[in-house]
Amino acid sequence: MIRIPCPFCGERDHSEFSYGGDATIEYPALDASIANWHDAVFQRQNICGMQFETWQHLNGCRMWLVVERDTMSHEIRSVRPAHTGMAKALEDET
Amino acid sequence: MSARRLSTGGRVDRSQTLSFKWEGRDYSGYAGDTLASALMANNQRLVGRSFKYHRPRGIMSAGVEESGAIVSIGEGARHEPNVRATTQQLFDGLVARGQNAWPSVGFDMGAVTGLFSRFFAAGFYYKTFMGIPPFEWGSGTGIWMQYEKLIRKAAGMGDAPSAPDPDSYEHAHDHCDVLVVGSGPAGLNAAVSAARAGLDVILVEQDFELGGDFLNQPDAEAEIKRTNLIALIKAVNVRIMTRTTAFGLYEYGVAGLLEQVTDHMASGSEHLPRQRFWTVRAKSTVLATGALERSIAFGNNDRPGVMTVAAAGVYLNRYGVLAGEKIAIATNNDSVYQTAGDLSRADATVSIFDARKEVSHALGEAAERDGITVQLAMAPMNVLGSKTVSGLSLAIANGDDWKAGGTRSCDLVLVSGGWSPVASLLSHRGGKLSWDSENACFVPNTFSDRIHMAGSAAGVWNLDDCEVSGMVAGAAAVKDFGKSAPSMSAPMVGGWENPIRPLYEIKVAGEKLKSFVDPQHDVTAADVRLAHREGFVSVEHLKRYTTLGMANDQGKMGNIIGLALMAEALGKEIPEVGTTTFRPPYTPVSIGALCGRNSGSHFRPLRRTPMHDWNLDHGATMTDAGLWQRPWYFARDGETITEAYIREATTTRSAVGLCDVTSLGKIAVQGPDATEFLNRVYTNPFAKLPIGKARYGIMLRDDGLVMDDGTTWRLSETEYFMTTTTAHAGKVMVWLEELLQVRWPDLKVHVTSVSDQWAGCAVAGPKSRACLAACVEDPAVMENDVLPFMGVIETTLKGGTPCRIARISFSGEMAFEVYVPSDYAPAMMQILWDEAQPLQGCLYGTEALGTLRIEKGHVTGAELDGRVNIDDAGLGKMASDKKSYVGDTLRKRPEMLREDRPRLVGIFPKDRQQTFNGGALLCKADTVSGFGEGWITGVTHSPELGHWIGIGFVSGGHEAWAGQTLVAADPLRKGNVDVEVVSPHMVDPGGERMHG
């Protein structure tokens, strides 16, 4: 059981969350080329170690989060809201 | 009589007699007994038969590592197989039987398999079912099915009960600062140290009494220490959980515990669960889980009357039972001498055969003072007797080897091959073990992540040292919280005066010995060597090939011996061979505990619409739609389901029908950028949707496949009401949230699920407008110019119920969807139903709904299964080429544009009198094989057309198969039917009725 520190709700069991995917993908414009979209949708690194990934606090605040997690040890180094505006607001507050 | 209860001594309460049944006969024991100690007190030595060879087996240990006394307890639905008699607390009325024996453990017909044991060696299954050379006789599935029946009967453990489990189970959760596992000398001290520093401590003990090895000491001093420590932990508010096993340790200090709440009671309590499955989140963990004594492989070392030395000490000192009168102890280490003295003082005749060539003078002298004969450089070779022990033939050192060394008569053989720290829980967390050659055991490495090993689990052997080790671990846990704690130096690993002599197997040239490594799975030393010869040399392969360590003791006693034998065969050292990984659970966990309350009707959540009771009152038969219960059909006057849905569909097409559509997902989309957001999400344009109009929309995934469809209603400049399919409601909500938060944070839009806030009813059929006009306060709002096709209004029903009405159609008829706040749902249904009846209307369920939509070729979740793109679904016209939307690009990748992709079609039986099955594959008439040309997703009887019809997909669409006959292939249900493929729009293809 991973425990994820939600920036809004505090540390919770990972069973409250749902895994999204690779948080480093920059999705191209909607009208970008097939090659660009192909890479964004289908090409994934299989990282051994720290990776940024999105999780949604589904059974909590429903916020999408960017979690920096070690795929070997499940160590979580950082968690921030995926919404850039909210992440900045939280940062400014602290 | 060889085993007996002593008149004094032990912790059992001789004033409380408990009766129990064993193998159908009555016996008695005392309060404080385990089933094993009570059986031993009654001199019941033969308690089971082995897994493969049906060899007689007895009690081999006094704890969780038990490999012999695996029994079944309870009767009927409460019958439980594979219970360790050594950990089952005795209660009055306990009923127990031996396993894997017929007719009884004493006389077992299955023992005949032992005569053929050379055919049942390691890999027996793999070899035999490849067939018997030279012609591979007996290979193939059919024959295997026959073998399997026989083998299932002959091999295996206890029988599972077939009746439903009458007991209840619970899940529970907790948090603490420090979790201490084990309440022995180390655990108790660790708990005291941590709690004294003000930390919240939970102490978990698998036994029914606290104290661990304190309980097994003969002297009063240990008992005083134990009671003092227990008083201390209570004084500092340590939370104590007995009969609770920490079976697994996970990341972030999460531990899985199994609490056996009523397993020690004659009848379960109606107010208590039988077991509780705890998830405890601890910030720091101390593992004081003890160590287990190993056996040694020698001839017939599995006979009833062979057990570990420590076990005999436990039976004597804790339960007041002397396990034998003429006792031969075989050892390679110091740990047995204390127990030997205890046994001797209890009037047993004790001989020690110590494999070491020398031990300190003091050790030998102390033993002799106790009247024990000690013979060095001797080891056990072969046990004499079959259902009981009559003697032990010995081996005597011959250089580095062994030679036969005479026979001694005895009635009990005790063995100690050394001790193994219990580090399973640390291993669950990825903690590593290192081989300590001085103590011949794997000891845990220090682990950085707030887990502290203590006592014999850390390889510390002496009781006093274990207490110190517990204090050190407790202090380390305190430091995890940034608090100061007294600095103490941890005791060294080990603690014996004389070094152990590593000894795993006694081999004597010329002697053919049946030496067991894992008695519970009947794995012998010869099996390990066979595995080596056949190339299974990795420990992981060895385990799987021989099943070594795969029984319910998970190799607690035998694994190290197996590793040592493999190392020897390979000419390597034990650490080079390594260990298999321990995985949860440490001891077996019942499926019931894993399920908790989530069984039967509580297996998954149940969702009822707010008009559920109203539907039932009006004759609905319900069906499951995901988690929802929806009306299936409303049978009248003994109608069958088919008669009912055909009537409902017919009435809806000719008059008016009402259907509960509350289960559709409903999402409020609000904000200044709501229009732009929807325009990106849906394939069709939403930028110019006027207020008061609805639009049918398709949304795609990034990869260009269809995610969902539904209607979205524009309520104001900045507010929309989106509906989704029942099946995808949750998924769509998550998707919209992801898009807004992760991808397009600049859009000012908020989405809110309002599925539970609004109840909906479809009103469909040519008289639907008349029906609704009679229901609303102002009938003028229902006029065609006020509420045209795809129009939306917010108005009130008679009586003042606020509602939203949209003129949208899933049935293909003129139709409306009416939504009211959920609390008004029964009132809405009643108003609508009161006006529908004079119009000869009806209520309809999902079955008729299916008929109406299949006739029209409308898609649902059965078609939008995640493999279908918008063109496949026949909805290509919904894809705008004037704007970009999610999935726009990848829906045009080459694979998506192939002409032969399966496309939505209608299906008619060639012979219109025939029917066919949903799920059938569509195949060419001459090639009914493989994946076919397509598949059928739905079948119904069409009252409009007067015959059975279907909907599905065929490669290339219906145009590609015009005039051809296909087969709806359903060979398993013997339902191959000739069909023809038609346009999916089977009724009213022009859509005049819904626009009318």
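Everything that follows concerns the structure shown earlier in this document.
Let us look at the structure shown here. (Residues numbered from 1 in each chain as written. Chains lettered and ligands numbered in written order. Predicted model: local features only at pLDDT ≥ 70, side-chain atom pairs only at ≥ 80, totals over all residues. Heavy atoms only, no water.)

## Regarding the overall build of chain A
When helices and strands are tallied, chain A shows two helices and six strands. Along chain A, helices (α) and strands (β) appear in the sequence β-β-β-α-β-β-β-α when read from the amino end. Residues counted as buried form 36% of the 94 residues belonging to chain A. Within chain A, contacts between residues separated by at least 24 positions form 43% of all contacts whose residues are at least 6 apart in sequence. Put simply, chain A shows about 5,300 Å² of open surface, and 49% of that area lies on carbon and sulfur atoms. A gap of 4 Å separates the mean positions of the 8 positive and 14 negative side-chain charges of chain A. (Helix = DSSP H or I, 4+ residues; strand = E, 2+ residues; numbered from the N terminus. Buried < 20%, exposed > 50% of the residue type's maximum accessible area, 1.4 Å probe, protein only. Contact = heavy atoms within 4.5 Å. Areas by Shrake-Rupley, 256 points an atom, 1.4 Å probe, with all protein chains shown as cover. Lys, Arg positive; Asp, Glu negative; His and termini not counted. Charge placed at Lys NZ, Arg CZ, Asp CG, Glu CD.)

## A short note on the sheet that holds strand E38 (residues 719–724) of chain B
Residue and element names in this part refer to chain B. Ordered in space as E36-E37-E38-E35-E39, the five strands form an open sheet in which the pairing is antiparallel. At either margin of the open sheet sits one strand with a lone partner, and together these are strand E36 (694–700) and strand E39 (750–753). Geometrically, the sheet is characterised by an average inter-axis angle of 30° between neighbouring strands, direction not taken into account. Inspection of the sheet shows strand E35 (residues 665–670) paired to E39 by four bridges, in the antiparallel sense. Bridging across to E39, Ile667 finds its partner in Ser753. Against the sheet, helix H19 (residues 729–743) makes contact with E35, E36, strand E37 (706–714), E38 and E39, and its axis sits at roughly 160° relative to E39, the strand it touches most. (Pairing = 2+ DSSP bridges. Axes fitted to C-alpha atoms, helices over the stretch in contact; angles between N-to-C directions.)

## Focus on the packing of aromatic side chains
Summed over the entire model, instances satisfying the criterion amount to 16 aromatic pairs over all chains. Centre to centre, the rings of Phe721 of chain B and Trp758 of chain B are 6.0 Å apart; their planes meet at 70°, and the pair counts as edge-to-face. Taken together, the residues Phe721 of chain B in strand E38 and Trp758 of chain B in strand E40 (residues 758–764) connect sequence positions 37 residues apart. When sorted by exposure, Phe721 of chain B lands in the same class as Trp758 of chain B, which is buried. The side chain of Arg743 of chain B reaches across the aromatic face of Tyr27 of chain A, ending 3.5 Å from its centre. Above the face of the Trp935 of chain B ring, Arg867 of chain B is positioned so that its terminal group lies 4.7 Å from the ring centre. (Phe/Tyr/Trp six-rings, centres within 6.5 Å; stacked < 30°, edge-to-face > 60°. Lys NZ or Arg CZ within 6 Å of the ring centre and 35° of its normal.)

## Some points on the interface of chain B and chain A
Every contact between the two is made by 28 residues of chain B and, on the other side, 27 residues of chain A. A buried area of about 2,400 Å², summed over both sides, lies between chain B and chain A, and 62% of it is on carbon and sulfur atoms. Considering only the side of chain B, the residues that lose the most area to chain A are Tyr252, Gln741 and Thr889 of chain B, jointly responsible for 28% of the buried surface there. Between the two partners, chain B and chain A, sit two salt bridges. (Buried area = accessible area lost by both parts, 1.4 Å probe. Salt bridge = Lys/Arg side-chain N within 4 Å of Asp/Glu carboxyl O.)

## Notes on the environment of Arg769 of chain B
Residues and elements named next belong to chain B. Considering the arrangement of structural elements, one finds Arg769 in helix H20 (residues 768–773). In this structure Arg769 comes out as partly exposed when scored by relative accessible area, which is 22%. For the pair formed by Arg769 and His618, sequence separation is 151 residues and the distance between their alpha carbons is 23 Å. A distance of 3.4 Å separates a polar side-chain atom of Arg769 from the backbone oxygen of Met782. (Polar contact = N/O pair within 3.5 Å; in protein donor to acceptor, adjacent residues only side chain to side chain.)

## Some details on empty space enclosed by the protein
All names here are of chain B. In this structure the tally under the stated criterion is five cavities of 30 Å³ or more. The computed volume of the largest cavity comes to approximately 140 Å³. Around the largest cavity sit 15 residues that line it, and Met60, Ser295, Asn301, Pro519 and Met557 are the ones nearest its centre. Its residues assigned to classes, the lining of the largest cavity shows ten nonpolar, five polar and no charged. Estimated volume of the second largest cavity: approximately 100 Å³. Contributing to the lining of the second largest cavity are 14 residues, with Arg49, Ser50, Ser67, Gly68 and Met157 lying nearest its centre. Residue classes in the lining of the second largest cavity are distributed as four nonpolar, eight polar and two charged. (1 Å grid on protein atoms, 1.4 Å probe; cavity = no way out; pocket = protein on both sides within 12 Å on 5 of 7 lines; lining within 4 Å. Points joined across faces, edges and corners; volume = space filled by probe spheres on them. Nonpolar A, V, L, I, M, F, W, Y, C, P; charged D, E, K, R; others polar.)

## Some remarks on the sheet that holds strand E32 (residues 620–625) of chain B
Residue and element names in this part refer to chain B. Sheet architecture is open: three strands sit in the order E31-E33-E32, paired in mixed fashion. Bordering the open sheet on either side are strand E31 (607–608) and E32, each of which pairs with just one other strand. Note: E32 against strand E33 (residues 628–634), six bridges, orientation antiparallel. Directly across from Thr623, in E33, lies its bridge partner Arg630. Sheet strands in contact with helix H22 (residues 846–856) are E32 and E33, and its direction is about 80° off that of E33.

## Thoughts on the nonpolar core
Residues and elements named next belong to chain B. Counting residues in each nonpolar core, the largest one holds 53 residues, and the members touching the most others are Phe20, Leu35, Tyr315, Ile329, Leu343 and Leu414. Discounting chain neighbours no more than four positions away, the residues touching Leu343 are Ala312, Leu316, Leu322, Ile327, Ile329, Ala348, Val350 and Leu414. Counting 33 residues, the second largest nonpolar core, distinct from the first, contains Val656, Ala759, Val763 and Trp833. (Core = buried A, V, L, I, M, F, W, Y, C linked by side-chain atoms within 4.5 Å.)

## Observations regarding a nonpolar patch on the surface
Judged by side-chain polarity, Trp102, Phe107 and Met109 of chain B come together as a nonpolar surface patch covering roughly 400 Å² of accessible area. Mapping Trp102 of chain B onto the fold places it in the loop between strand E8 (94–97) and helix H2 (124–128). (Patch = residues over 30% accessible without salt bridge, like charges linked within 9 Å, V, L, I, M, F, W, Y side chains within 5 Å.)

## Describing helix H21 (residues 825–836) of chain B
Residue and element names in this part refer to chain B. Its twelve residues give H21 an end-to-end C-alpha distance of 16 Å, which sits within 8% of 16 Å, the value for a rise of 1.5 Å per residue. Considered for burial, the residues of H21 that qualify are Ala825, Met828, Met829, Ile831, Leu832, Trp833 and Ala836. Of the surrounding elements, those touching the buried residues of H21 are helix H16 (612–617), strand E34 (657–660), E40, H20, strand E43 (815–821) and strand E44 (842–843). (Expected span 1.5 Å × (residues − 1).)

## A closer look at the pattern of salt bridges
Residue and element names in this part refer to chain B. Tallied over the full model, the rule gives 65 salt bridges over all chains. Put simply, Glu467 and Lys225 hold a salt bridge, and the shortest N to O gap is 2.9 Å. One end of the pair, Glu467, is in helix H10 (residues 463–480); the other, Lys225, is in helix H5 (residues 220–235), and 242 residues separate them in sequence. Given the relative accessible area of 27%, Lys225 is considered partly exposed.

## Let's talk about the state of the cysteines
Residues and elements named next belong to chain B. A complete count under the given rule lists zero disulfides over all chains for this structure. Cysteine Cys771 is unpaired, with the sulfur of Cys775 as its nearest cysteine sulfur at 4.5 Å. The exposure class assigned to Cys771 is buried, which follows from its relative accessible area of 0%. (Disulfide = S-S within 2.5 Å.)

Remember that the coordinates give geometry; whether it matters functionally is a separate question.
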